[in-house]
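Structural features, examined
Spelled out, the chains give:
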Amino acid sequence: MRINVKQDLIGGTCVLVVGLIAAIHTVTSYDIGTPASMGPGFFPLSLGILLVFFGFSICIAGWRSNSVDVVFEFQPFLAICLAIAAFALILPTFGLLPAVCILVVVSLMAQKLPGILKTTAITVSIMIVAFLIFRIGLNIPLPILIWPF
Amino acid sequence: MMEHLQSLVDGVVVGLETAMTFENILVCFLGCFLGMIVGVLPGIGALAAISLLFPYTFYMEPTSALIMLAGIYYGTAYGGSITSILLNLPGGASSAVACLDGYPMARQGRAGVALFMTAIASFVAASISIIIMMVSSPVIAAFAVQFRSPEFFALMVLGLVAASTITDGNPIKGLAMVVLGILMGGVGLDMYTGVPRMTFGSINLFDGIGLTALAMGLFGVAEVISSIKSIRTGEVLNVSLRSMIPSRDDIRQSWRPILRGTGVGAFFGALPGAGPSVASFMAYALEKNIAKDPSRFGKGAIEGVCAPEAANNAADQTGFIPTMALGIPGSATMGLLLGVLLIHGITPGPTMMQSHPDMFWGLVMSFWTGNLILLVLSIPLIGLWIRLLSIPYNLLYPAIVMFICLGAYSVNASIFDVWVVLAVGALGYLLRVLNFPVAPLLLGFVLGPLMEEHFRRAMIISRGEPMVFLSRPVSGTIMVLTALLLLWVAWRKMSRSRANNNAESLV
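Residue positions are given per chain, counting from 1 as you read along its sequence in written order. As they are written, the chains are lettered A onward and the ligands numbered 1 onward, keeping that order. Residues qualify for local features only when their pLDDT is at least 70, as the model is predicted, and side-chain atom pairs are given and counted only at 80 or more; totals for whole chains, interfaces and linings, by contrast, use all residues. Just so you know, side-chain values use all the structure's heavy atoms and leave hydrogens and water out.

1. Looking at the overall build of chain A
What counts as a helix is a DSSP run of H or I of at least four residues, what counts as a strand is a run of E of at least two, and both are numbered from the N terminus. Helix and strand content of chain A: 5 helices and 2 strands. The atom set for the radius of gyration is the C-alpha atoms, and the globule formula is 2.2 Å times the number of residues raised to the power 0.38. Expected size for 149 residues packed as a compact globule is a radius of gyration near 15 Å; at 23 Å, chain A overshoots this value by more than 25%. Each principal axis of the C-alpha atoms in chain A carries an extent, and together these give about 60 × 45 × 30 Å. Counting only residues that meet the buried cut, chain A has 42% of its 149 residues in that class. Pairs at least 24 apart in sequence give 65% of the contacts found in chain A among residues at least 6 apart. On chain A, the mean spot of the 6 positive side-chain charges and the mean spot of the 4 negative ones are 15 Å from each other. Three exposure classes are used, based on accessible area relative to the maximum for each residue type with a 1.4 Å probe and protein chains only: buried under 20%, partly exposed in between, and exposed over 50%. In what follows, a contact means two residues having at least one pair of non-hydrogen atoms within 4.5 Å. Positive charges are assigned to Lys and Arg, negative charges to Asp and Glu, while His and the chain termini are left out of the count. By convention, the point assigned to a charge is CZ for Arg, NZ for Lys, CD for Glu and CG for Asp.

2. Digging into the overall build of chain B
When you go through chain B residue by residue, the secondary structure sums to 22 helices and 2 strands. The C-alpha radius of gyration of chain B comes to 22 Å, within 12% of the 23 Å expected for a compact globule of 507 residues. Projected onto the principal axes, the alpha-carbon positions of chain B cover approximately 70 × 65 × 55 Å. Within chain B, buried positions represent 61% of all 507 residues. Long-range pairs, those at least 24 residues apart, make up 79% of the contacts in chain B with a sequence separation of at least 6. Summed over all atoms, the accessible surface of chain B reaches about 19,500 Å², with 67% contributed by carbon and sulfur. For chain B, the separation between the mean place of its 26 positive charges and that of its 25 negative charges on side chains is 11 Å. Reported accessibility uses the Shrake-Rupley method at a 1.4 Å probe radius. Residues are deemed covered only where the shown protein chains occlude them.

3. Details of the interface of chain A and chain B
Taken residue by residue, the interface counts 60 residues in chain A and 57 residues in chain B. The buried area of a pairing is the accessible area, by a 1.4 Å probe, that goes missing from both parts when the two are put together, added over both. Interface area, chain A with chain B, both sides summed: about 5,100 Å², of which 82% is carbon and sulfur. Salt bridge, as applied in this entry: a Lys or Arg side-chain nitrogen positioned within 4 Å of an Asp or Glu carboxyl oxygen. Our count for the chain A to chain B interface comes out at 1 salt bridge. We note a salt bridge from Lys173 of chain B to Asp8 of chain A, for which the minimum N-O separation is 2.4 Å. Pairs of N or O atoms within 3.5 Å make up the polar contacts considered here, provided that, within protein, one atom can donate a hydrogen while the other can accept it, and that residues adjacent in sequence are counted only when both atoms are side-chain atoms. Between the two partners, chain A and chain B, sit 7 residue pairs in polar contact (both at pLDDT 80 or more). Put simply, the parts of the chain that give the side of chain A that touches chain B at least two residues each are α1 (7-29), α2 (42-64), β2 (68-71), α3 (74-94), α4 (96-108) and α5 (116-137) of chain A. Among the elements that make up the side of chain A that touches chain B, the one with the highest residue count is α3 of chain A (12 residues).

4. What to know about empty space enclosed by the protein
Residues and elements named next belong to chain B. In this analysis a 1.4 Å probe is tested at points of a 1 Å grid over the protein atoms alone, and where it fits but cannot get out there is a cavity; an open set with protein on both sides within 12 Å along at least five of seven lines is a pocket; lining residues have an atom within 4 Å of a point. Grid points are joined across faces, edges and corners, and a volume is the space filled by probe spheres set on the points. One pass over the structure, following the stated rule, counts 3 cavities of 30 Å³ or more. By volume, the largest cavity amounts to about 60 Å³. As for the largest cavity, its lining consists of Tyr73, Gly269, Ala274, Gly275, Pro276, Ala315, Gly319, Gly330, Ser331 and Met334. Under the convention adopted here, Pro, Cys and the residues Ala, Val, Leu, Ile, Met, Phe, Trp and Tyr are nonpolar, Asp, Glu, Lys and Arg are charged, and Gly plus all remaining residues are polar. Residue classes in the lining of the largest cavity are distributed as 5 nonpolar, 5 polar and no charged.

What follows is the structure, given as structure tokens:
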């Protein structure tokens, strides 16, 4: 996905918003204290305020600059995020090998899928490597395969 | 003077004892080998590799962990030049300059010579820098032992400001990233009051966001997402051992650039904020400016390959000086190495050399072993790397994602960490898309809690008097330096935008 926007305007706004959220959350939830006897909120509040300033300044720079092409690769982004999420969901229920398997397959969907033979080859070899390194090499107590039914 | 010499000799002895154990030589080899692989492969840099291997180092002694990760770090400088020369693709940021003259040399059939001379340049530069480090670190540490909280806070501020503003682009974006990193580092239980901060009710966050998960997400996941569509490996020409032998002319033209590159690299490497990439660019610019015939550059001038490669290796070695002697990391990668030490319960800095001399000197001596190993890997075993470069990236990245996920899980046997990797990875990718520098975020994250501790302690001791940072001579000087740096960066940015405006108005 390619859009032509004033990149820093968006970035600056994000920073500004994060700073505001941090500052407001800190002021309302934690004791700020005085410089001589600082509460837990003092440092984060100062940081939040700094971020608001920075965000504002970046916005101004962005507003005055020209628009640029911003590229957001949707397919790789979604594929990798979904792959990791799937891994996190499958691992506790089904164990190491199924989790790795689904991780690899979904990751490969970030680009045009190689043929079924190549996909299987890649998946199986990565599953073997994972097994060798994590189970045999590092001896992590992780179930390889659980059948919950 | 004599005690320094004596303690240097003592240090060398302790260091050799530590570095020459079978385990440490093995991990050094492993680190260098992995570093070469990572350096050769475009798309993964030292930072990503160290992030990925971070959790596996928990099973080792801290010294061994440090030796291995350091091996990866300077190993990438050796490997990166191979890809730059053979494929015109930088293997890593600091090797990008080698493309300019290295690739033309390859096209002219002189790839072997280019590869050979870069390896030699890297080795010579690293050796000289290691000596510099051996001599200067104890001196710096002895001076810094008197530092207290105000000095450490000031030094960290300087380091962070330098690291985030020296790069290209809007320095405020770098500063914003540092502050964001510090904020993220503050998640968890407050050190003085025990109040959970920004944990949003999740017990898992009481210990804060894990450094491993953050590093892997930010540099591993985000890097993979951005690289999938863009990295191309594949067709590589073969290089015979015979073709690597340089001619007398080559040597004559190269030895001075190598020494100059070493000097530039050693200087910029020790500065927080600058690093191997800056050093390699500066070395190239220097060579081009003082060359008798600058037009040769860009067309296969051997100085254009040797000097930057010498510079980036020199910078890699001297980059350890501020981290080890002062506890101030000069770059995100150093920040990560600092994080490794912190997790093992060791605070790098002036006291580390006294309390853990075996760790410091063991590390320094391992640099010698490492560079020797890398020299062997780079020259006789060059065929190995050429074969590696023929694997297409789109088969490699699922393995990388697997390492990330399992590695993150294995730190605490916690699925929560995997979710953190996901969240941080998505954030990291968004930051890249919006053109924010990501490395300062990691630096802020690692240094943030330390900074806050020093800040609060300084304020407690001074009873709320903020002028304490300026009234003490050392911290005052450092704060003034920071202010000057900020002014210089602002001036540079304004003059650059004025130049851009002028250029636009001419069009």
